[in-house]
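Structure at a glance
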Amino acid sequence: MAKRKIKLNHITNLKKVGRTTDNITISEFFDLHEKFMGEKELENLRERTLKEYKVHLKYFKKYVENETQFKETDVPINSDIFKSYVYYMTFEKKYSPFTVNLRLRTLLAYLRWLYNNNYITENIPIKIHLQKTPDDAKTPLTDVEVKKLLNGCDLNTYTGFRDFSLMLLILDCGIRIGEAAELKISDFDLKDGLVKVRADVSKTRVSRELPISTRTAKVLKELIDIAIEMGSGDYVFQNTYGGYIKKQNLMLSFKKIGKKVGLEHRCSPYLFRHTFATNAVKSGMDIFTLQRIMGHSTIVTTRKYIQLETKDLKRNHNKINTVDRYFRK
């Protein structure tokens, strides 16, 4: 989809850049956002990221419009406005820390741009803090739960077989759901058991090749053969009528299967990705290899995906046996 072009110099009703006396007003804050978005488009950011900038600004704008204290559009922007917004999201709306931070990050990025370009003199971003979030690792699916979910796919229908194939793929290599939805037939090397995540669909904009097992490759070959026979496009995972399917629809299918088999918690592709990461470490994969397969920029992110039980830690500790070496003759 072609990106909408935005002229960077169309805003003429703003005070001179490089001001030293005050900040822009609330009205100017919203007007300038389009210029900010224009620069972000030039940075070739993902459509999803650009959309988040716009959506989160709308949330903030709605808040401001409903607050009596901010009714005057010529009120200068200051840190208190954003602190009030954080309070509103946290204590009045009772959003989770993850939701609050998601909405804050894009606003803080915009505020940093305003500060760096001298539209505001107050460095607001350093005064607004993200919410503390639980640092617990994510809990993976148990083997029993995985078998229930796989058995819950109706293999006699295309949708069921597609979801079954996708579950296997994620369990086998931990691919992101957004990356999987964009996979094309040409991205698969089933002979060598490799799946290529193209740079243009990778979350980190870096391509990588993911190894898959013989069993998964066999199932995916059947799915690819169906796509070729239907002649409905190059995508491997398709909708019921053939053709591209959005990741949101695939996520909805996982959720439905979870409810069907009576899973106590919500079923999602992300949960399968977490399960892959934990099982990979349990099976002896080092965390650096895992980081590369999962496509993480930092090892810290990879660590959050791993949940080892005490018995796993005990077993791995026994393998190392660091003390006995001092008593060997």
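Each helix and strand counted, the protein has 13 helices and three strands in total. Carbon together with sulfur atoms contributes 52% to the accessible area of the protein, which is approximately 19600 Å² in total.

The subject of this paragraph is the pattern of salt bridges. Scanning all chains against the criterion turns up nine salt bridges. With its nearest N and O atoms 3.7 Å apart, the salt bridge here joins R48 to E52. Taken together, the residues R48 and E52, both in helix α2 (residues 47-66) and four residues apart, mark about one turn of the helix. You can call E52 partly exposed: its relative accessible area is 24%. Overlapping salt bridges, with partners in common, bring together R176, E179 and R208 in one network.

Turning to the state of the cysteines, a few remarks are in order. Under the definition given, this model contains zero disulfides. Of all cysteine sulfurs, the one in C267 lies closest to C153, which takes part in no disulfide; the gap is 8.7 Å. Residue C267 is classed as buried on the basis of its relative accessible area of 2%.

The next subject is the confidence of the model for the protein. Of the residues in the protein, 87% have a pLDDT of 70 or more, and the chain-wide mean is 87. Every residue in residues 1-21 scores below 50 in pLDDT, and together they form 37 contacts with partners more than four places removed in sequence or on other chains.

This part takes up the side chain of R162. With respect to the helices and strands, the residue R162 is situated in helix α6 (residues 158-173). Polar contacts involving the side chain of R162 include one to the side chain of D163, which spans 3.1 Å. Leaving out residues up to four positions away in the same chain, R162 has contacts with L223, F237, Q238, N239, T240, I245, L250 and S253.

This brings us to the environment of E264. Examined against the element boundaries, E264 turns out to sit in the loop between α9 (247-260) and α10 (269-282). What makes E264 exposed here is its relative accessible area of 82%.

With that settled, consider the sheet that holds strand β3 (residues 208-211). Read from one edge to the other, the open sheet built from three strands follows the order β1-β2-β3, with strand pairing classed as antiparallel. The open sheet is flanked by β1 (188-189) and β3, the only strands paired with a single partner. In this structure, strand β2 (residues 194-197) lies alongside β3, joined through four bridges in antiparallel fashion. Across the sheet, K196 pairs through a bridge with E209, a residue of β3.

It is worth spelling out helix α3 (residues 79-92) at this point. The terminal C-alpha atoms of α3, which comprises 14 residues, lie 19 Å apart, in line with the 20 Å expected from a rise of 1.5 Å per residue. Turning to α3, its buried residues are S79, I81, F82, Y85, V86, M89 and T90. Down the axis of α3, the sector holding all buried residues measures 165°, keeping them to one side. Facing away from the buried side of α3 by over 90 degrees, the exposed positions are F91 and E92. Packing partners of the buried residues in α3 comprise α1 (26-42), α2 and α4 (97-116). The N-capping residue of α3, defined by a side-chain oxygen 2.9 Å from the backbone nitrogen of D80, is N78. One or two residues past the end of α3 sits K94, with phi positive at roughly 55°.

Membership of the largest hydrophobic core comes to 49 residues, with the highest contact counts inside it found for L169 and I175. Mapped onto this core, the elements with two or more residues apiece are α5 (143-151), α6, α7 (177-181), β2, α8 (214-230), α9, α10 and α11 (287-294). Top element by residues in this core is α6. It accounts for nine residues. Discounting residues that sit within four places of it in the chain, L169 has contacts with G174, I175, L183, V195, I212, T216, L220 and F237. One finds I26, L50, V64 and I124 within the second-largest nonpolar core, a separate group that totals 33 residues.

This part takes up the packing of α6 against α8. The contact between α6 and α8 brings their axes to 10 Å, and the two run at 145°. The handedness of the crossing between α6 and α8 comes out as left-handed. On α8, the residues that touch Y158, F161, R162, F164, S165, L168, L169 and D172 of α6 are T216, V219, L220, E222, L223 and I226. Its residues placed into classes, the contact of α6 with α8 shows nine nonpolar, two polar and three charged.

Below, the discussion takes up the pairing of β2. A one-sided burial pattern is seen for β2, the buried positions being V195 and V197 and the unburied ones L194 and K196. Two strands pair when backbone bridges link them, and β1 and β2 are joined in this way by two bridges, in the antiparallel orientation. Note that in β2 the partner of F188 across the bridge is V195. The antiparallel pairing of β1 with β2 creates a hairpin that spans four residues between the two strands, and G193 there sits at a positive phi of about 70°.

Basis of the calculations
Residues numbered from 1 in each chain as written. Predicted model: local features only at pLDDT ≥ 70, side-chain atom pairs only at ≥ 80, totals over all residues. Heavy atoms only, no water. Helix = DSSP H or I, 4+ residues; strand = E, 2+ residues; numbered from the N terminus. Areas by Shrake-Rupley, 256 points an atom, 1.4 Å probe, with all protein chains shown as cover. Salt bridge = Lys/Arg side-chain N within 4 Å of Asp/Glu carboxyl O. Buried < 20%, exposed > 50% of the residue type's maximum accessible area, 1.4 Å probe, protein only. Disulfide = S-S within 2.5 Å. pLDDT = per-residue confidence, 0-100. Contact = heavy atoms within 4.5 Å. Polar contact = N/O pair within 3.5 Å; in protein donor to acceptor, adjacent residues only side chain to side chain. Pairing = 2+ DSSP bridges. Expected span 1.5 Å × (residues − 1). Arc of directions from axis to C-beta. Core = buried A, V, L, I, M, F, W, Y, C linked by side-chain atoms within 4.5 Å. Axes fitted to C-alpha atoms, helices over the stretch in contact; angles between N-to-C directions. Left-handed = near helix turned anticlockwise from the far one by under 90°. Nonpolar A, V, L, I, M, F, W, Y, C, P; charged D, E, K, R; others polar.

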